[in-house]
Amino acid sequence: MKLNLKFLFFYLVISAIELLIDIEIWSLAEIRWVSKPLLMILLMLFIHNNIQTKEKYALHLIFLFAWLGDVFLMFSNPIGFPLGLGSFLVMQVLYIRYFLKSIDFKRVNWKVGGLVLCLFIGYIVAFLSVLWIGVGQVLLIPVVLYAIALGSMAFFAFLRNKEVSRINFLTVFSGAILFVISDSLLAYNKFVQSIPQNSFWVMGTYILAQLLLSIGLVNFVIRKRLNAP
C-alpha cells in the first residue's frame, strides 16, 4: 500500500517557507498570510487524495478546525486568541472522538495506561500552575478546558497501542506529543515570558505534529478498509 504524497511535498515546501520567516531569514512576513493558511488546506487535500470513503469527511473536519485556529491566531486583536483557542479545542475533541474508533477498552493494559494517565494529569496540573498568574480571569476557564482536552487527546492516542500496527501507533502518538509540546511553548510564551525564537519552535513542532497525525490517520483508514493489521 502506497500513499499519494504529492500534497505532502507541497506541505513541506510551505512549511519550510514558514520556518524561514520565523527565524527571520526571510523578512517578507506578509507571505505568512498565504503560507500559514495553506498548511492545513494541503493536509486536507492529502486526505482527500488518499481516502475514497466517507470517513475522509471526519478527518477533513478535524483539519478544518485546525485551519480556523491557524487563521484566527494570525490576528493580534483581542478576539483572535480566544477564537483560535476555541477552534483548536473543537479540533482536539474531534481527534479524541476519532481515536476512540480504534480503541478496545477491554484490551487496554490499565497498569501501563493508568501510569501514563497519571503522567499526563501531573503535567497538566504542573503546567497550569505555571500559567495561572498570567492567564487572567477572562481566559482562565477556556485555557483549563483546552489543557484537559490536549492532555486527553495525547492519552487516547496512547491507548491505540494495542489496536494498530507499531508504526501507526508511534506515528500518531509522536504527533500527539509534539502537539502538546507546541501548545505548551505557545502558552508559556504568551502567559509567562517570551522565549527566544518561540514562533520557530511552536510552528516547527506544530507542523510536524499535524504531518504525523494526518499520515497516521490516513494510513489507519486505508489499512482498516483493506483489513490489514
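Refer to the structure printed above.
Below: a short report on this structure.

Parameters and conventions
Residues numbered from 1 in each chain as written. Predicted model: local features only at pLDDT ≥ 70, side-chain atom pairs only at ≥ 80, totals over all residues. Heavy atoms only, no water. Helix = DSSP H or I, 4+ residues; strand = E, 2+ residues; numbered from the N terminus. Buried < 20%, exposed > 50% of the residue type's maximum accessible area, 1.4 Å probe, protein only. Contact = heavy atoms within 4.5 Å. Areas by Shrake-Rupley, 256 points an atom, 1.4 Å probe, with all protein chains shown as cover. Lys, Arg positive; Asp, Glu negative; His and termini not counted. Charge placed at Lys NZ, Arg CZ, Asp CG, Glu CD. Salt bridge = Lys/Arg side-chain N within 4 Å of Asp/Glu carboxyl O. Expected span 1.5 Å × (residues − 1). Core = buried A, V, L, I, M, F, W, Y, C linked by side-chain atoms within 4.5 Å. 1 Å grid on protein atoms, 1.4 Å probe; cavity = no way out; pocket = protein on both sides within 12 Å on 5 of 7 lines; lining within 4 Å. Points joined across faces, edges and corners; volume = space filled by probe spheres on them. Nonpolar A, V, L, I, M, F, W, Y, C, P; charged D, E, K, R; others polar. Axes fitted to C-alpha atoms, helices over the stretch in contact; angles between N-to-C directions. Parallel < 35°, antiparallel > 145°, perpendicular 65-115°, else oblique. Left-handed = near helix turned anticlockwise from the far one by under 90°. Patch = residues over 30% accessible without salt bridge, like charges linked within 9 Å, V, L, I, M, F, W, Y side chains within 5 Å.

**Looking at the overall build of the protein chain**
Part 1 of the argument: A count of helices and strands for the protein chain gives eight helices and zero strands.
Part 2 of the argument: When its helices and strands are written in sequence order, the protein chain yields α-α-α-α-α-α-α-α.
Part 3 of the argument: Structurally, the protein chain occupies a C-alpha span of about 50 × 40 × 25 Å along its principal axes.
Part 4 of the argument: Across the 229 residues that make up the protein chain, the buried fraction comes to 48%.
Part 5 of the argument: Contacts in the protein chain between residues far apart in sequence, at least 24 positions, make up 75% of those at least 6 positions apart.
Part 6 of the argument: Accessible surface computed for the protein chain: about 11900 Å², of which carbon and sulfur atoms make up 71%.
Part 7 of the argument: For the protein chain, the distance from the average site of its 18 positive side-chain charges to the average site of its 9 negative ones is 14 Å.

**Considerations on the pattern of salt bridges**
Part 1 of the argument: In total, this model carries two salt bridges according to the counting rule given.
Part 2 of the argument: One salt bridge in this structure joins E18 and R32, with 3.1 Å as the shortest N-O distance. Taken together, the positions of E18 in helix α1 (residues 6–22) and R32 in helix α2 (residues 32–50) put the pair 14 residues apart, joining distant regions of the chain.
Part 3 of the argument: Note on E18: relative accessible area 0%, which makes it buried.

**A word on helix α3 (residues 55–72)**
Given 3.6 residues per turn, any residue in an α-helix points the same way as the ones three and four places further on.
Part 1 of the argument: The first and last C-alpha atoms of α3 sit 27 Å apart over 18 residues, in line with the 26 Å expected at 1.5 Å per residue.
Part 2 of the argument: Residues E55, K56, L59, H60, I62, F63, A66, G69, D70 and V71 constitute the buried set of α3.

**Section: the nonpolar core**
Part 1 of the argument: Membership of the largest hydrophobic core comes to 71 residues, with the highest contact counts inside it found for L59, Y95, F99 and F179.
Part 2 of the argument: Mapped by element, the contributors of at least two residues to this core are α1, α2, α3, α4 (80–100), α5 (110–135), α6 (137–158), α7 (166–191) and α8 (198–225).
Part 3 of the argument: Residues contacting L59, with those up to four places away along its chain left out, are I47, I51, Y98, L217, V218 and V221.

**Thoughts on empty space enclosed by the protein**
Part 1 of the argument: Considering all chains together, one arrives at one cavity of 30 Å³ or more under this definition.
Part 2 of the argument: As a volume, the largest cavity reaches approximately 310 Å³.
Part 3 of the argument: Taken together, 22 residues line the largest cavity, and the ones lying closest to its centre are Y146, A147, L150, D183 and A187.
Part 4 of the argument: Of all the elements in the fold, those that place two or more residues in the lining of the largest cavity are α4, α5, α6 and α7.
Part 5 of the argument: Residue composition of the lining of the largest cavity, by class: 18 nonpolar, three polar and one charged.

**Looking at the environment of K56**
Part 1 of the argument: Take K56: it is sitting in helix α3.
Part 2 of the argument: Expressed as a C-alpha distance, the spacing of K56 and G136, which sit 80 residues apart in the sequence, is 39 Å.
Part 3 of the argument: When sequence neighbours within four positions are dropped, the list of residues in contact with K56 reads I47, H48 and I51.

**Quick word on the environment of Y188**
Part 1 of the argument: Following the sequence through the fold, Y188 ends up in helix α7.
Part 2 of the argument: Judged by its relative accessible area of 24%, Y188 falls in the partly exposed class.
Part 3 of the argument: A C-alpha to C-alpha distance of 37 Å links Y188 and N50, two positions 138 residues apart in sequence.
Part 4 of the argument: Not counting residues within four places of it along the chain, the set of residues in contact with Y188 comprises F127, V130, L131, Q193 and I195.

**Details of the side chain of Q210**
Part 1 of the argument: Tracing the backbone shows Q210 in helix α8.
Part 2 of the argument: In this structure Q210 touches Y11, M40, L43, F63, A66, M91, Y95 and F179, once residues within four positions along its chain are discounted.

**A look at the packing of α4 against α6**
Part 1 of the argument: Contact geometry of α4 with α6 gives a least axis separation of 9 Å together with a crossing angle of 25°. On the basis of the axis angle, α4 is roughly parallel to α6. Crossing handedness for the pair α4 and α6: left-handed. Here F81, P82, L85, F88, L89, Q92, Y95, I96, F99 and L100 of α4 lie close against α6, whose contacting residues are L139, P142, V143, L145, Y146, A149, L150, S152, M153, F156 and A157.
Part 2 of the argument: Taken together, the residues of the contact of α4 with α6 sort by class into 19 nonpolar, two polar and no charged.

**A few points about a nonpolar patch on the surface**
Part 1 of the argument: Residues F9, F10 and V13 make up a contiguous nonpolar surface patch of roughly 290 Å² in combined accessible area.
Part 2 of the argument: Secondary-structure assignment places F9 in helix α1.

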